[in-house]
Amino acid sequence: MTEPTPATESEAPLDADVIVVGGGPVGTTTALKLAHGGLRVILLEGRDATSLEHRATTFHPPTLEMLDELGLAEPLIEKGIIAPSYQFRDAKLGKIVDLEFEILKEDTRYPFRLQVEQSVMTTMANAALEAHPLAELNTQSKVTGIRRRANHVEVEVASGPRTGTLRASHVIGADGMKSTIRQALDVGFSGHTYPERFLVISTSAPLHELLPDIASVNYVADPVDWHVLMRNPSGWRILFPAPFDEETPEHLLSPENVRRQFARVLPGRTDDEADAAIDWATLYEVHRKVAETLRVGNVYLVGDAAHVNNPMGGMGMNSGVHDGYLLAELLVRGSGGVDVDAELEAWAEKRRAVALDFVGKETEGNWSALRDTDEERRAAQRASWQALGEDDDARRDFLLTSSMLASLKD
Ligand SMILES: Cc1cc2nc3c(=O)[nH]c(=O)nc-3n(C[C@H](O)[C@H](O)[C@H](O)COP(=O)(O)OP(=O)(O)OC[C@H]3O[C@@H](n4cnc5c(N)ncnc54)[C@H](O)[C@@H]3O)c2cc1C
């Protein structure tokens with residue numbers, strides 16, 4: 001890891017208290033939290049606008065609580081779909097259990113999952129940043145490197161209105177899985193790539209009417225045909241496994257294959273009917289990787305720059321928002337003259353542990369349980385899901401974990 005370069009600094013004032021690199025869901029919410037706390041923040045985003053890529057659609061209760069403090073929860077809820085429960089199902093046997101979040105009503109103000117595109121929230125956070133007097137949002141601003149000095153950090157910006165060198169007390173890398181900041185720090189990012197891609201199909205077919213006993217989020221187990229059904233305001237999304245070794249990306253995304261996959265959920269459609277119901281299909285490669293540290297001096301890694309996981313359980317963006325929110329709280333406290341160095345160190349360790357031992361294990365456990373091929377284990381898994389429906393205490397514990405409330409306990 002890089003050592004700070006000795007000070008050669010001029011006495012010129014710093015450009016900001018904090019520079020946030022990356023304007024995805026994590027960078028924008030982190031920057032907004034810093035500005036709300038009274039810090040001068042510059043956000044540098046390489047693109048010219050919010051990415052509209054179809055990715056996260058699930059917001060968990062603790063994330064909504066954090067967004068509420070930033071004034072974003074209510075407008076987001078207005079644009080989303082409230083999922084009061086979610087289901088585990090079997091592709092052949094149907095519903096196994098419907099888990100209602102109502103049981104968490106003493107634990108959170110938001111006892112539900114909110115289904116809405118991450119780009120909707122990011123667009124709202126951008127607008128709030130633009131309106132905030134302490135925040136400066138720069139798009140088309142690609143960061144190419146950083147230098148740690150004794151008392152500040154320098155950021156090299158290769159494009160946009162701030163091209164050149166910017167200086168701040170702290171820098172936060174929220175620049176996604178291929179993070180330039182992580183690489184500039186020479187921080188390792190180890191883990192594995194999953195043995196299958198995920199094929200996501202979006203459909204305008206009203207699955208909630210056609211399959212009337214489903215919930216707004218459904219995890220469907222099967223040794224071959226496992227899949228996930230998720231509703232969001234623009235329609236339903238179906239996620240299927242797409243093995244690496246068997247098919248090329250071109251074949252997986254071909255109309256024939258997309259129709260064939262779609263027919264697993266809605267059989268009996270003609271090609272024309274299926275084509276009319278399918279809005280788009282995308283292929284994702286999925287990884288489980290964690291940075292070897294989330295802090296090097298006054299430079300921090302949050303969100304996908306720090307950890308990536310499979311999307312089974314909808315925890316990647318949510319945990320990234322939690323990283324940034326908790327970090328911003330500490331930096332705000334530190335700016336008031338409190339020595340928060342030990343707390344920042346504890347933050348880095350705790351958030352890394354959450355990525356490894358909570359999000360990593362939960363998402364991998366969900367993926368393994370859905371696709372298990374061993375009949376005995378599958379029956380035991382079904383029985384344990386079913387038991388959750390009958391035992392309030394066990395269900396509450398389970399939902400505290402799957403809604404990520406447990407990940408924020410000390
Ligand atoms: C199919 C799928 C479904 C998912 N579903 C869920 C879900 O339901 N719930 C959930 O919590 N998570 C989900 N995720 C994960 C979630 O999408 C990511 O965890 C989330 O996007 C991470 O946000 P981020 O801000 O850390 O990174 P990103 O969204 O990758 O944003 C990084 C930003 O940094 C910018 N950037 C990169 N390099 C530079 C640079 N050098 N200079 C300036 N800017 C730069 C990029 O342009 C980008 O805007 C899903 C992912 C996939 C693929």
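Worth saying up front: this structure is predicted, and the values here are computed from it rather than measured. (Residues numbered from 1 in each chain as written. Predicted model: local features only at pLDDT ≥ 70, side-chain atom pairs only at ≥ 80, totals over all residues. Heavy atoms only, no water.)

**Re empty space enclosed by the protein**
Phase 1 of the analysis: Throughout the structure, instances matching the rule amount to 4 cavities of 30 Å³ or more.
Phase 2 of the analysis: Around the largest cavity, the lining residues are Y86, F88, R113, Y219, G313, M315, E362, N366, F398 and S402.
Phase 3 of the analysis: Partitioned by chemical class, the residues of the lining of the largest cavity number 5 nonpolar, 3 polar and 2 charged.
Phase 4 of the analysis: Looking at the lining of the largest cavity, you find at least three residues from each of domain 1 (16-80 + 116-190 + 288-369) and domain 2 (88-103 + 195-285 + 372-410). (1 Å grid on protein atoms, 1.4 Å probe; cavity = no way out; pocket = protein on both sides within 12 Å on 5 of 7 lines; lining within 4 Å. Points joined across faces, edges and corners; volume = space filled by probe spheres on them. Nonpolar A, V, L, I, M, F, W, Y, C, P; charged D, E, K, R; others polar. Domains from an automatic or database assignment.)

**Notes on the packing of helix α1 (residues 25-36) against helix α10 (residues 316-335)**
Phase 1 of the analysis: Relative to each other, α1 and α10 sit at 25°, their axes nearing to 8 Å. Taken together, the axes of α1 and α10 are roughly parallel relative to one another. As for how α1 packs across α10, the hand of that crossing is right-handed. In this structure, α1 contributes P25, V26, T29, T30, K33 and L34 to the contact, and α10 contributes M317, G320, V321, G324, Y325, A328, E329, L331 and V332.
Phase 2 of the analysis: Taken together, the residues that form the contact of α1 with α10 break down as 9 nonpolar, 4 polar and 2 charged. (Axes fitted to C-alpha atoms, helices over the stretch in contact; angles between N-to-C directions. Helix = DSSP H or I, 4+ residues; strand = E, 2+ residues; numbered from the N terminus. Parallel < 35°, antiparallel > 145°, perpendicular 65-115°, else oblique. Left-handed = near helix turned anticlockwise from the far one by under 90°. Contact = heavy atoms within 4.5 Å.)

**Describing the site of the ligand**
Phase 1 of the analysis: For the ligand, the set of nearby residues contains 31 residues, the closest of which are E45, Q118, D304, M317 and N318.
Phase 2 of the analysis: For the ligand, an oxygen atom lies 3.2 Å from a polar atom in the backbone of T58.
Phase 3 of the analysis: The separation between an oxygen atom of the ligand and a polar main-chain atom of M317 is 2.8 Å.
Phase 4 of the analysis: Protein burial of the ligand: of its 1000 Å² of free accessible surface, 88% is covered by the chains.
Phase 5 of the analysis: Broken down by secondary-structure element, the contributors of at least two residues to the shell around the ligand are α1 and α10.
Phase 6 of the analysis: In terms of residue count, α10 provides more of the shell around the ligand than any other element does, 3 residues in total. (Near = heavy atom within 4 Å. Polar contact = N/O pair within 3.5 Å; in protein donor to acceptor, adjacent residues only side chain to side chain. Areas by Shrake-Rupley, 256 points an atom, 1.4 Å probe, with all protein chains shown as cover.)

**Here's the deal with helix α13 (residues 392-402)**
Phase 1 of the analysis: Burial in α13 covers these residues: R395, L399, L400 and S402.
Phase 2 of the analysis: Where α13 is buried, its residues meet β5 (85-90), β6 (94-100) and α12 (375-390).
Phase 3 of the analysis: Looking at where α13 begins, the residue whose side-chain oxygen comes 3.0 Å from the main-chain nitrogen of D393 is D391.
Phase 4 of the analysis: Of the residues one or two after α13, M404 is the one with positive phi, at around 75°. (Buried < 20%, exposed > 50% of the residue type's maximum accessible area, 1.4 Å probe, protein only.)

**Some details on a negative patch on the surface**
Phase 1 of the analysis: There is a patch of like negative charges on the surface, built from E390, D391, D393 and D397.
Phase 2 of the analysis: Inspection of the secondary structure puts D391 in the loop between α12 and α13.
Phase 3 of the analysis: With relative accessibility at 35%, the residue D391 sits in the partly exposed group. (Patch = residues over 30% accessible without salt bridge, like charges linked within 9 Å, V, L, I, M, F, W, Y side chains within 5 Å. Salt bridge = Lys/Arg side-chain N within 4 Å of Asp/Glu carboxyl O. Lys, Arg positive; Asp, Glu negative; His and termini not counted. Charge placed at Lys NZ, Arg CZ, Asp CG, Glu CD.)

**Remarks on the pairing of strand β1 (residues 16-21)**
Phase 1 of the analysis: In terms of residue burial, β1 counts as a mostly covered element, since 5 of its 6 residues are buried.
Phase 2 of the analysis: Examined bridge by bridge, β1 and strand β11 (residues 164-173) share 5 bridges and lie parallel to one another. Across the sheet, V21 pairs through a bridge with G173, a residue of β11.
Phase 3 of the analysis: Bridge count for β1 against strand β2 (residues 41-44) is 4 bridges, and the pairing is parallel. Its bridge partner lying in β2, V20 is registered against L43. (Pairing = 2+ DSSP bridges.)

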